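If you want the building blocks of each chain, they are given just below.
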Amino acid sequence: MTQTSRARKFGLAVAQMGPVHLADSRQAVVKRLVEMLREAAARQATFVVFPELALTTFFPRYWMTEEEAVERYFERAMPNADVQPLFDAARELGVGFYLGYAELTADGRRFNTAVLVDRAAKVVGKYRKVHLPGHDDHKPDAPFQHLEKKFFEVGNLGFPVWNTQDINVGMCICNDRRWPETWRSMSLQSAELIVLGYNTPSWNIHWTEPVHLRTFHHEIVLQASAYQNAVWIGAAAKCGSEDGFHMIGSSMIVAPSGEIVARASGEEDEVITAQIDLDLGTTFRQHVFNFAKHRSPDQYRLIVERTGAGEPLPLPPEARG
Ligand code: CDV
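It should be emphasised that the depicted structure is a prediction, and the values quoted were computed from it without experimental measurement. (Residues numbered from 1 in each chain as written. Predicted model: local features only at pLDDT ≥ 70, side-chain atom pairs only at ≥ 80, totals over all residues. Heavy atoms only, no water.)

(A) Examining the sheet that holds strand S1 (residues 9-16) more closely. The mixed open sheet is built from 6 strands, whose spatial order is S5-S4-S3-S2-S1-S14. Of all strands in the sheet, those bounded by a partner on one side alone are strand S5 (123-128) and strand S14 (270-277). Across this sheet, the average inter-strand angle for adjacent strands is 30°, counted without regard to direction. Helix H1 (residues 26-42) contacts S1, strand S2 (47-49), strand S3 (96-104) and S14 of the sheet and is inclined by roughly 35° relative to S14. (Pairing = 2+ DSSP bridges. Helix = DSSP H or I, 4+ residues; strand = E, 2+ residues; numbered from the N terminus. Axes fitted to C-alpha atoms, helices over the stretch in contact; angles between N-to-C directions. Contact = heavy atoms within 4.5 Å.)

Right, here's the structure in full:
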């Protein structure tokens, strides 16, 4: 890895989770999270990244009504009584965290959400997933469903960046990581660290995709996005076989150089840590990715003006052959 000053070290942990089965209680899951938080603290981490929808099985794979989903899988408050032991341990240990969960708002809206919690166990930020994958109809012939478009609304909070523990941190969730707009929206706010949780099924229900490509695409987007945005990334999977439905692991910490500095080895609960050097990102931001010096937003206005791909624009006269 590139050598830089060692002035700004930050103890980052990623807590990968093995499967959460339908029969597992919230209390049992939170106990696992607390154990991993304690391990992270013992390894000098002051921030832990937990997965997307960490408190339950990945329920969008099951066809059910919205009411059934709300009853069983959504949280009406964060923290709540079931999750409080995690917040208590965070306060005791002085360790902040990112936690993904299904959010039910007071007025009945549903989001795929993550909270940012500081070292005093206070919720200091909330992000709601923007890029919801899947479908909202029943696909009886598919091996499983991916009903995020049925159970969740598109996130309405944008891609904010918070200053916590003296660093600029942004959040995203799972499928968001495949979209360059996600990362650039946060790196333009000087994010230094972007954290995410994911549940990535090993099989694609829409077409026959070799299983190894699921992990390859996960790696390639994290490595390229870290480099192109000069940010550190901490990515936490929920993985392994949940009641027979397998999801990829490969939780990792990626440097602004694009290099993977830590990676989970299995598909169970596993904590990986790194003392990340925030000055490494500064180096990239001052040179190859000095945005103020090199970006030309006028030349890529289509990125915000168009959603889907359309016709080529009329050619400027000098671009014609
Ligand atoms: N939970 C997810 O967002 N999963 C998607 C799958 C469906 C491709 C992902 O991007 O990993």
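(B) Spotlight on the UniProt feature "domain: CN hydrolase" (unreviewed entry) in the chain. The positions that UniProt labels "domain: CN hydrolase" (unreviewed entry) are, in the present scheme, residues 10-278. Across residues 10-278 one finds 25% helix and 29% strand; the C-alpha atoms that close the span lie 7 Å apart. (UniProt positions renumbered as here; feature names shortened; annotations may be inferred.)

(C) Structural view of the site of the ligand. Lys129, Glu148, Cys174, Arg178 and Thr200 are the nearest of the 13 residues found near the ligand. A distance of 2.7 Å separates an oxygen atom of the ligand from a polar atom in the side chain of Arg178. For the ligand, an oxygen atom lies 2.6 Å from a polar atom in the side chain of Thr200. In isolation the ligand has 320 Å² of accessible area, and contact with the protein removes 91% of it. Partitioned by chemical class, the residues of the shell around the ligand number 3 nonpolar, 4 polar and 6 charged. (Near = heavy atom within 4 Å. Polar contact = N/O pair within 3.5 Å; in protein donor to acceptor, adjacent residues only side chain to side chain. Areas by Shrake-Rupley, 256 points an atom, 1.4 Å probe, with all protein chains shown as cover. Nonpolar A, V, L, I, M, F, W, Y, C, P; charged D, E, K, R; others polar.)

(D) How the structure looks around the packing of H1 against helix H3 (residues 84-93). Put simply, H1 and H3 touch, their axes get as near as 9 Å, and they point 15° apart. On the basis of the axis angle, H1 is roughly parallel to H3. Considering only the axes of H1 and H3, their crossing is right-handed. Taking contact as the criterion, the partners of Val30, Leu33, Val34, Leu37, Arg38 and Ala41 in H1 are, on H3, Pro85, Leu86, Ala89, Ala90, Glu92 and Leu93. Taken together, the residues of the contact of H1 with H3 sort by class into 10 nonpolar, no polar and 2 charged. (Parallel < 35°, antiparallel > 145°, perpendicular 65-115°, else oblique. Left-handed = near helix turned anticlockwise from the far one by under 90°.)

(E) Inspection of the pattern of salt bridges at higher detail. Under the definition given, this model contains 19 salt bridges. Here Glu39 and Arg43 are joined by a salt bridge, their closest N and O atoms 2.6 Å apart. Between Arg61 and Glu242 there is a salt bridge, and its shortest N-O distance comes to 2.8 Å. Of the two residues, Arg61 is situated in the loop between S2 and helix H2 (66-73) and Glu242 in strand S10 (residues 240-242); the sequence distance between them amounts to 181 residues. Take Arg61 and Glu242: they sit in the same class, and that class is buried. (Salt bridge = Lys/Arg side-chain N within 4 Å of Asp/Glu carboxyl O. Buried < 20%, exposed > 50% of the residue type's maximum accessible area, 1.4 Å probe, protein only.)

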